[in-house]
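Spelled out from the first residue to the last, the chains are:
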Amino acid sequence: MTRAQENLQTSFADRHIGTTAADQQVMLDAVGQPSLDALVRAAIPASIHAAPAERSTIPAAVGETEALAELRTKAGRNTVRRAMIGLGYHGTLTPAVIQRNVLENPSWYTAYTPYQPEISQGRLEALINFQTMVSDLTGMATAGASMLDEGTAVVEGMLLARRASKVKGDAFLVDADLLPQTRALLDHRADAVGIALRGFDPVEGPSDEQLEGAFGVVLQYPGASGRIVDPSRTIERVHAGGGIAVVAADLLAMTLLASPGDLGADVAVGTSQRFGVPLGFGGPHAGYLAVRAGLERQLPGRLVGVSFDADGQMAYRLSLQTREQHIRREKATSNICTAQVLLAVMASMYAVYHGPEGLRFIADRVARTTSALAGVARDAGFEVVHEHWFDTLTLRAAGRAESVIDAARDAGYLLHLVDADTVQLSVDETTTPDDVSALAHVFGVVDATVPAAEAAVRDAATGLPSDLLRSSEYLTHPVFSAHRSETRMMRYLKHLADKDYALDRGMIPLGSCTMKLNAATEMAAVTWPEFANVHPFAPRSDVEGYLDMIGDLETWLAEVTGYDTVSLQPNAGSQGELAGLLAIRGYHRSRGDLDRTVCLIPSSAHGTNAASAVLAGMRVVVVACDEDGNVDLADLRAKTAAHAETLAALMITYPSTHGVYEHDVREVCDAVHDAGGQVYVDGANLNALLGHARFGDFGGDVSHLNLHKTFCIPHGGGGPGVGPVAAKAHLAPFLPGHAMAQQVDRRPGSSADGTDGRLAHAGGPVSAAPYGSPSILPITWTYVRMMGLEGLTRATEAAVLGANYIASRLRDAFPVLYTGESGLVAHECILDLRPLRETSGITVDDVAKRLVDYGFHAPTMSFPVAGTLMVEPTESEDLAELDRFVDAMLAIRAEAAAVERGEWPADDNPLVHAPHTAASAISGEWTHPYTREQAVYPVPGISARKYWPPVRRIDQAYGDRNLVCACPPIEAFA
Ligand SMILES: *Cc1c(COP(=O)(O)O)cnc(C)c1O
């Protein structure tokens, strides 16, 4: 956006909000409301509606140019040095072809989670490449499609071990050389669910006493200190007792070292960050989790598998979804919903581009560079502590550690200070002979020239133990060798993206997901080096710009939600829920209320709520909804009375997952407080409230927000996300802290009056990195900066108007299931398709798939009510697109009417056969009672922008019965 264009007298808000004032008038007429103000006052209960704030911490909106200039100033306050701190985070070279065509390409980053597989074949293929890459490198049978980070992946591994283990005990064995942030996460998470951790020295192995009653073990491979210990002896001993062995493995090291699978592990976990995903001050990156054969049904999170479409063509889909929390709720294998798809896609493409030889070459160079540095360090009088290494050295010299760290920093390098005598450093693919030479000078070697360093790297042997070298093959599938030239790679990425439907094609009206514009200006800063190339444990003086931006966001988000403090650490909404519930747990326990463990959850709640409650050590009690879809106050009062002594919390979503502003939310909150419980307000639907009401004002004690819904972080095809947790002051001490946080008041145990006058967060961590996924926070910062409070408030109004417009135009064709007292909905509406099924046999699936033929992504299917579609247009769609959607739905209703009238047989009509591929439309003889044109060009004008699905309807059941979760052989596509 140039300054000249901005001078058109419009604001960014006018470009973010799709409907013009004139459009809005047309829509208001359809809804029967005189003005936007009248609409929101009629929809939002007066008891919670707040007058616009007179003074705001959010500055008045600026345009794109100014916002980026301000962000540039903040970026300039970060100092980018060569980060050799390691500890699970490594410098990496993102291939430009991947940065431009994936990370910076809306076809990839604006896509939704691939629940509609027919329009998601591209990202599903990329994810199955990721799964294949992980399972090959780790030697495991099956890998899932991404965890949130390494630390939480280890937690998931521990929980999986408990589910799958034959041992009924509650002890879990933990390698003393585990990454420190992983250990901190394990401590916090294990405590909540009654698991006792037993630390042991990896060389000695656990004692017999420790093995007693242990359901599993986790080993770091190579260790956090760089030491490499053969894990197989400990694995055998744990297996002998019936336990499960989890190995946290470095994927790059696995190209050279025997894999966890080779060594007998049951589960492998870790991160794929160093496969081309920038450090980003800690995230987002894709964690991974893989299992041996027999454990695949225990996997947490999403899993891509293979099935067939209606024409018998092979196709990808998400497998075994019945394990997930939206079906199994408190019995789900995990609470993870939004994961790290975009980053998993990047990591998989890094492997596709480099191939097995390329990865081995990179790993080998890293290992030899490390050995060269070991030689330099010895020359300089350091003891190299461990006998073997891959990329990390622990160096000891009495009393010299701090001065070396300081000298390194002055020379532009960040090393890790272990103690006064010990320094640790990690080499990565960005480390050059120049760096070796510079570090030699830092260590005090005088004659360290670059040519000498080059020779040392060339001539060095790796420090790997000879008895642990890898002999098994990996990445043998042709996809990992077919795209080696940049031209091929670019075309492969384009070929996959073209199969998918993302926001760059049209509206994605997914209720509960808020698929709004992710503006290009908002995305711009993500790849700036000052944000992208910062290590999460860099010293505070290097990250002032980041902390400044984080401080702005904490302040702004606290204000708009009516809370006192915000933590940006959780990596998704589900993790925000967990953090909030753990804070409630900590609060009750601090007051001696050890028995307050009951969590009330309305039957309409999102599945993550129940799954998170279990992980916070709570017991779920379901509260009924009344016939209007609201929380049944009588049932709530009965439940609070029945659990008066044990009530911990109520989780309530506002506005509700039924898309309405519940009238009695204050009464609901009061009833819980009267019974001694805390109120958790799930803030995923904040897009219906922002600027008009605040959770903290009507009774919430704590909430999570979804920055990847309300605040413009793109959905990435299923992640990344950020799920900040916002709370009242009394819960602040229990919000997630982090031992390595740069801000003192964000460390566990910090005092209540932190620096900068902020409330301290002293609880255990919920993410591996102190600030979760900071590199995508510029997106939200820029959005708020360019909207201002006024723009955000207008966006809410436009979103609510859009939903009500759709509801009123479609009401006669499809009943709107729930409305508020005024007959209005909030920012989304549930269309009831069950009556249609009665009269025509047409199902919600048929309608969803037929929408693909009309050029749409289906709305949310069967959540929160089976047999319904939930539509959320968001404020970003314009009236023409809303009308195109309404017209498509009405046309589909007319097609169903033809089935009702018997003009088309129930089993042969364009709905049950949807979606139609190009191949199916031109194929030989056409035997259907509808025409080829009706099949693929159902409305006039569609041909110019036709989206062609690459496959027909996919058989879901087949894929679950016949589980294949790695790249199928090429012949399978024939
Ligand atoms: C999206 C959503 C969540 C979960 O958020 P994730 O970021 O996917 O983990 C929780 N509750 C509600 C109501 C949601 O819509």
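Values in this document were obtained by computation on a predicted structure and should not be read as measured data. (Residues numbered from 1 in each chain as written. Predicted model: local features only at pLDDT ≥ 70, side-chain atom pairs only at ≥ 80, totals over all residues. Heavy atoms only, no water.)

**Describing the nonpolar core**
Okay, step 1: Ranked by size, the top nonpolar core spans 263 residues in total, and within it Met133, Tyr221, Met349, Phe390, Leu415, Phe443 and Leu636 carry the most contacts.
Okay, step 2: Take this core: its biggest share by element is 22 residues, from helix α14 (residues 341-379).
Okay, step 3: Contact partners of Leu636, with chain neighbours within four places excluded, come to Leu600, Val623, Val631, Leu650, Val668, Ala671 and Val672.
Okay, step 4: Residues Leu178, Leu197, Ala579 and Leu731 belong to the second largest nonpolar core, which totals 63 residues. (Core = buried A, V, L, I, M, F, W, Y, C linked by side-chain atoms within 4.5 Å. Buried < 20%, exposed > 50% of the residue type's maximum accessible area, 1.4 Å probe, protein only. Helix = DSSP H or I, 4+ residues; strand = E, 2+ residues; numbered from the N terminus. Contact = heavy atoms within 4.5 Å.)

**Some words on the sheet that holds strand β25 (residues 868-871)**
Okay, step 1: Spatially, the three strands line up as an open sheet ordered β23-β25-β24, and their pairing is antiparallel. Looking along the sheet, the strands with just one partner apiece sit at the ends: β23 (829-832) and β24 (860-861).
Okay, step 2: Pairing of β23 with β25, which is carried by four bridges, proceeds in the antiparallel orientation. If you follow Ile830 over to β25, its bridge partner there is Met870. (Pairing = 2+ DSSP bridges.)

**Quick word on the pairing of strand β4 (residues 196-200)**
Okay, step 1: Inspection of the sheet shows strand β3 (residues 171-175) paired to β4 by five bridges, in the parallel sense. Within β4, the residue paired with Leu173 across the bridge is Arg198.
Okay, step 2: Handedness of the β3-helix α10 (residues 180-192)-β4 crossover: right-handed. (Right-handed = clockwise from strand over helix to strand, strands pointing away.)

**Observations regarding the UniProt feature "domain: Glycine dehydrogenase C-terminal" (unreviewed entry) in the protein chain**
Okay, step 1: What UniProt calls "domain: Glycine dehydrogenase C-terminal" (unreviewed entry) maps, in this numbering, to residues 795-916.
Okay, step 2: In this annotation, residues 795-916 is assigned 45% helix and 8% strand; the end-to-end C-alpha distance for the span is 36 Å. (UniProt positions renumbered as here; feature names shortened; annotations may be inferred.)

**Examining the site of the ligand**
Okay, step 1: Residues in contact with the ligand amount to 15 residues; listed here are only the nearest, Thr338, Ser512, Asp682, His708 and Lys709.
Okay, step 2: One of the backbone nitrogen or oxygen atoms of Gly573 is found 2.7 Å away from an oxygen atom of the ligand.
Okay, step 3: Contact distances for the ligand include 2.6 Å between an oxygen atom and a side-chain N or O atom of His708.
Okay, step 4: Against a free-state accessible area of 380 Å², the protein chains account for coverage of 98% of the ligand.
Okay, step 5: Considering each element in turn, the shell around the ligand owes the most residues, three residues, to helix α22 (residues 573-590).
Okay, step 6: Split into classes, the residues belonging to the shell around the ligand amount to three nonpolar, nine polar and three charged. (Near = heavy atom within 4 Å. Polar contact = N/O pair within 3.5 Å; in protein donor to acceptor, adjacent residues only side chain to side chain. Areas by Shrake-Rupley, 256 points an atom, 1.4 Å probe, with all protein chains shown as cover. Nonpolar A, V, L, I, M, F, W, Y, C, P; charged D, E, K, R; others polar.)

**Regarding helix α28 (residues 844-853)**
Okay, step 1: Most of α28 is tucked away: nine of the ten residues are buried.
Okay, step 2: All of the buried residues along α28 are Val844, Asp846, Val847, Ala848, Lys849, Arg850, Leu851, Val852 and Asp853.
Okay, step 3: Residues of α28 that are buried in the fold lie against α27 (834-840), β24, β25, α29 (879-900) and α31 (932-936).
Okay, step 4: Where α28 ends, the next residue or the one after it, Gly855, has phi of about 85°, a positive value.

**Side note on the side chain of Thr710**
Okay, step 1: Looking at where Thr710 falls in the secondary structure, it is placed in the loop between β21 (702-704) and β22 (725-727).
Okay, step 2: Here Thr710 falls in the buried class, since its relative accessible area comes to 0%.
Okay, step 3: Those residues in contact with Thr710 that sit more than four places away from it in its chain are Thr514, Lys516, Ala684, Leu686, Asn687, Leu690 and Tyr783.

**Considering the domain arrangement of the protein chain**
Okay, step 1: Taken domain by domain, the protein chain holds domain 1 (94-391 + 427-505), domain 2 (529-782) and domain 3 (786-960).
Okay, step 2: Contact with domain 1, which involves 43 residues of that partner, is made by 56 residues of domain 2.
Okay, step 3: Across the interface of domain 1 and domain 2, roughly 3,800 Å² is buried in total on both sides, 63% from carbon and sulfur atoms.
Okay, step 4: If you sort the residues of domain 1 by the area they bury against domain 2, Phe281, Arg329 and Asn335 come out on top, with a joint share of 22%.
Okay, step 5: The interface formed by domain 1 and domain 2 contains one salt bridge.
Okay, step 6: Note that Asp191 is salt-bridged to Arg585, the shortest N-O span being 3.2 Å.
Okay, step 7: In this assembly, domain 1 and domain 2 are joined by 20 residue pairs in polar contact (both at pLDDT 80 or more).
Okay, step 8: Tallying contributions element by element places α10 first for the side of domain 1 that touches domain 2, with eight residues.
Okay, step 9: When its residues are assigned to classes, the side of domain 1 that touches domain 2 shows 23 nonpolar, 14 polar and six charged. (Domains from an automatic or database assignment. Buried area = accessible area lost by both parts, 1.4 Å probe. Salt bridge = Lys/Arg side-chain N within 4 Å of Asp/Glu carboxyl O.)

**Remarks on the packing of aromatic side chains**
Okay, step 1: The full count for this structure, using the stated rule, is 21 aromatic pairs.
Okay, step 2: Ring geometry for Trp528 against Phe531: centres 6.1 Å apart, planes inclined by 15°, an arrangement best described as stacked.
Okay, step 3: On the basis of relative accessibility, which here comes to 9%, the residue Trp528 falls in the buried class.
Okay, step 4: Here Phe531 falls in the buried class, since its relative accessible area comes to 0%.
Okay, step 5: Here the aromatic rings of Phe711 and Tyr783 are separated by 6.4 Å at their centres, their planes lie at 75°, and the arrangement is edge-to-face. Of this pair, Phe711 sits in the loop between β21 and β22 while Tyr783 sits in helix α26 (residues 777-810), and the two are 72 residues apart along the sequence. For the residue pair Phe711 and Tyr783, the accessibility class agrees, reading buried in each case.
Okay, step 6: Through a chain of ring-to-ring contacts, the aromatic side chains of Phe281, Trp528, Phe531, Tyr546 and Tyr771 assemble into a single cluster.
Okay, step 7: A cation over a ring is seen here: Arg72 above Trp528, with NZ or CZ 3.8 Å from the ring centre.
Okay, step 8: The ring of Trp948 has Lys946 lying over it, and the distance from NZ or CZ to the ring centre is 5.0 Å. (Phe/Tyr/Trp six-rings, centres within 6.5 Å; stacked < 30°, edge-to-face > 60°. Lys NZ or Arg CZ within 6 Å of the ring centre and 35° of its normal.)

**A closer look at the environment of Arg189**
Okay, step 1: Here Arg189 is to be found in helix α10.
Okay, step 2: Assessed through its relative accessible area of 3%, Arg189 is described here as buried.
Okay, step 3: Residues Arg189 and Ala616 lie 427 residues apart in sequence; the distance between their C-alpha atoms is 7.7 Å.
Okay, step 4: Sequence-distant contacts of Arg189, that is, excluding residues within four places in its chain, are made with Val155, Leu159, Gln575, Leu578, Leu582 and Leu615.

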